[in-house]
Amino acid sequence: MDIDAAEIHRKLQLNELEEIRNEAYENARIYKEKTKAFHDKKIRGKSFSIGQKVLLFNSRLCLIPGKLRSKWVGPFVITNVFPYGTVQVQNLKTGQEFKVNGHPMRILRSMMWMMYPSMPWVLLVKLSMVYLSGWKTLKQALLGR
């Protein structure tokens, strides 16, 4: 008689344990959905169009990276846009075309490129950042005033 009661009690404990485990799985699934929705809300989509000038992130491993060396390579011109973020770009210096992932790319939005086409692009990007930060003229940006 005592063994039968212990057996029934043990089965009830196992059923309760299974319910607690299922509830924990459900709570974990709800938490994952909420965090995914939160992170997906923060993602900004990149949309590229043909003819845009872009910079490509240089992801090569350097053992001793230069402190002032730019991590961006380019400029490139977009020649074709494929689905799922793949972009075909053309190097302006060599004319070589290749496909890359659109994620490690930055659109070159600088008007300095059109104003000073003979200036190196790294200096143009830095000058455009300085210009956007509040300096009014190129002379003030170069002199640092």
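This report concerns the structure included in the present document. Throughout, residues of each chain are indexed from 1 in the direction in which the sequence is written. Per-residue local features of the predicted model are confined to residues with pLDDT of at least 70, and side-chain atom pairs are confined, for both listing and counting, to 80 or more; whole-chain, interface and lining totals are unaffected and use all residues. Hydrogen atoms and water are omitted, and side-chain values are computed over all heavy atoms in the structure.

1. Notes on the sheet that holds strand 4 (residues 97-101)
Two strands in a sheet stick together by hydrogen bonds in their backbones, pointing the same way (parallel) or opposite ways (antiparallel). Note the following rule: Here, a strand pair is defined by DSSP locating no fewer than two bridges between the strands. The helix count covers DSSP runs of H or I at least four residues long, the strand count covers runs of E at least two residues long, and both are numbered beginning at the N terminus. Lines fitted to C-alpha atoms define the axes, with helix axes restricted to the stretch in contact, and inter-axis angles between N-to-C directions lie between 0 and 180 degrees.
Spatially, 4-3-2-1-5 is the arrangement adopted by the 5 strands of the open sheet, whose pairing is antiparallel. Strands at the two margins of the open sheet, each flanked by one partner only, are strand 4 and strand 5 (105-107). Recorded for the sheet is a direction-independent mean angle of 45° between the axes of neighbouring strands.

2. Overview of the pairing of strand 1 (residues 53-57)
Across 4 bridges, strand 1 lies against strand 2 (residues 72-81) in antiparallel orientation. Bridged to Val-54 within strand 2 is Phe-76. Pairing analysis gives 3 bridges linking strand 1 to strand 5, with the strands arranged antiparallel. Bridge pairing in strand 5 links Leu-55 to Arg-106.

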